[in-house]
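Understanding the architecture of this molecule
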Amino acid sequence: MAVFSSAQLRSVLNLLPTQGSRSSGSLRWLRRFSAGPGPEPRAVRALLSGESDRYGGVTVRHLPDQISESTFSSVLRDSLSQWRSEGKIAVWLYVPLAQCRLAEAAALHGFTFHHALGDTAVLSLWMGSGESRLPGYATHQVGVAGAVVNESSGKVLVVQDKNKTVNAWKFPGGLSNPGENIGATAVREVFEETGVQSEFRSLLSIRQQHNHPGAFGMSDMYLICRLSPLTHDISFCTQECLRCEWLDLVDLAKTKDTTPVTSRVAKLLLYGLEKGFDSIDLSMEEVPAVYTGLFYQIYHRKPPVGHE
């Protein structure tokens, strides 16, 4: 606990209420009174301001400006003591890049890196009993491709990536942006790579691969969507693509100059052209979430009429 002189206390306490605690930016001040007859407190304790969650955790999103490592370590120690007394079981600490020196002080109190995003690292500390039950950070990246099918000609839009060691035909696609629905990703990536505008129809397939070299050793989800063309003229991106063509689905299904997943989806699309796409489509339905009140997208095969 930080102990102040009487003069220091008076200058600080002018900013505080007469009793209890007060928040001030990224710090919260707690007063402790002496057991004697006078109102003069003996010490003031500075604590980090945090947001409590329903799981028993505390999230600290803002750290004090211009604070030394030693002072921060003392404040963090007192804050952890207070949170433990309140029954908290976990702490999430947001450390901006400009204050990365404070991460070392946090590590001395048991914090470890959980994840980093942009210019902020998030550290975590489990204070509950037993082994940590904190969730890990995201383990997958999501790539989405669009199979743009011209139903009248039986052709599909394909590209060859410029930077691949093997020039294989594949569907145009790329990584989904945070907060972007997979259908929107497919439409965007198709346009960026080929210049062809399209609209989302359904989800066709999902491929999962672990220890993916392009995902920093994490796992990769690769989703292929069925799209319908709104335009047909090709103006492909020469920075990303070596070639771009409307290729007959029959040829794509037979050629060896493609990837295994592309070949399988081409055969699936041929079946859909013959029997109807409702026999292969995983259509999208937007459904309200029970607990959050938000909406999510569910992709599934629709049951036959009369069995909804």
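These notes cover the structure that comes with them.

What counts, and where the lines are drawn
Residues numbered from 1 in each chain as written. Predicted model: local features only at pLDDT ≥ 70, side-chain atom pairs only at ≥ 80, totals over all residues. Heavy atoms only, no water. Helix = DSSP H or I, 4+ residues; strand = E, 2+ residues; numbered from the N terminus. Buried < 20%, exposed > 50% of the residue type's maximum accessible area, 1.4 Å probe, protein only. Contact = heavy atoms within 4.5 Å. Areas by Shrake-Rupley, 256 points an atom, 1.4 Å probe, with all protein chains shown as cover. Core = buried A, V, L, I, M, F, W, Y, C linked by side-chain atoms within 4.5 Å. Phe/Tyr/Trp six-rings, centres within 6.5 Å; stacked < 30°, edge-to-face > 60°. Lys NZ or Arg CZ within 6 Å of the ring centre and 35° of its normal. 1 Å grid on protein atoms, 1.4 Å probe; cavity = no way out; pocket = protein on both sides within 12 Å on 5 of 7 lines; lining within 4 Å. Points joined across faces, edges and corners; volume = space filled by probe spheres on them. Nonpolar A, V, L, I, M, F, W, Y, C, P; charged D, E, K, R; others polar. Expected span 1.5 Å × (residues − 1).

1. Observations concerning the overall build of the chain
The secondary structure content of the chain amounts to six helices and 17 strands. A buried classification covers 40% of the 308 residues belonging to the chain. Taking the intrachain contacts of the chain between residues at least 6 apart in sequence as the baseline, contacts between residues at least 24 apart amount to 59%. About 18000 Å² of surface is accessible on the chain, with carbon and sulfur atoms providing 53% of the total.

2. Side note on the environment of Ser-283
Note that Ser-283 resides in strand E16 (residues 283-288). Classification of Ser-283 as buried rests on a relative accessible area of 14%. Excluding residues that lie within four positions of it along the chain, Ser-283 makes contacts with Ile-298, Tyr-299, His-300 and Lys-302.

3. What about the nonpolar core?
Core analysis: the largest hydrophobic core is formed by 24 residues, its most contacted members being Leu-48, Phe-72, Leu-80, Trp-83, Leu-93, Phe-111 and Leu-123. Elements that contribute at least two residues to this core include exactly strand E3 (41-48), strand E5 (57-60), helix H2 (69-85), strand E6 (90-96), helix H3 (101-107) and strand E8 (120-126). A per-element tally of this core places H2 first, with five residues. What Trp-83 contacts, discounting residues up to four positions off in sequence, is Arg-28, Leu-48, Val-58, Val-60, Lys-88, Val-91 and Met-127.

4. Describing the packing of aromatic side chains
A full pass over the atoms with the stated rule returns one aromatic pair. Centre to centre, the rings of Phe-200 and Tyr-299 are 6.3 Å apart; their planes meet at 85°, and the pair counts as edge-to-face. Here Phe-200, found in strand E13 (residues 198-209), pairs with Tyr-299, found in strand E17 (residues 295-300); they are 99 residues apart in sequence, far enough to count as distant. The ring centre of Phe-277 lies 3.9 Å from the NZ or CZ of Arg-226, which sits over that ring.

5. Details of the side chain of Lys-170
With respect to the helices and strands, the residue Lys-170 is situated in strand E11 (residues 169-170). If we skip the residues at most four places from it in the chain, Lys-170 touches Val-158, Val-159, Asp-161 and Thr-262.

6. Description of the layout of surface pockets
Roughly 670 Å³ of volume is contained in the largest pocket. Mapped by element, the contributors of at least two residues to the lining of the largest pocket are strand E9 (140-150), strand E12 (173-175), helix H4 (182-194), strand E14 (219-229) and helix H6 (260-275). Take the lining of the largest pocket: its biggest share by element is four residues, from E9. Tallied by class, the residues present in the lining of the largest pocket amount to nine nonpolar, eight polar and nine charged. Contributing to the lining of the second largest pocket are 18 residues, with Ala-138, His-140, Gln-141, Val-142 and Ser-176 lying nearest its centre. Those elements giving two or more residues to the lining of the second largest pocket turn out to be strand E7 (112-117) and E9.

7. Some details on H2
Taking 1.5 Å per residue as the helical rise, H2 with its 17 residues ought to reach 24 Å, and the 24 Å between its terminal C-alpha atoms agrees with that figure. Looking at H2, one finds that the buried residues are Phe-72, Val-75, Leu-76, Asp-78, Ser-79, Leu-80, Gln-82 and Trp-83. Gly-87 occupies a position one or two residues after H2 and carries a positive phi of about 85°.

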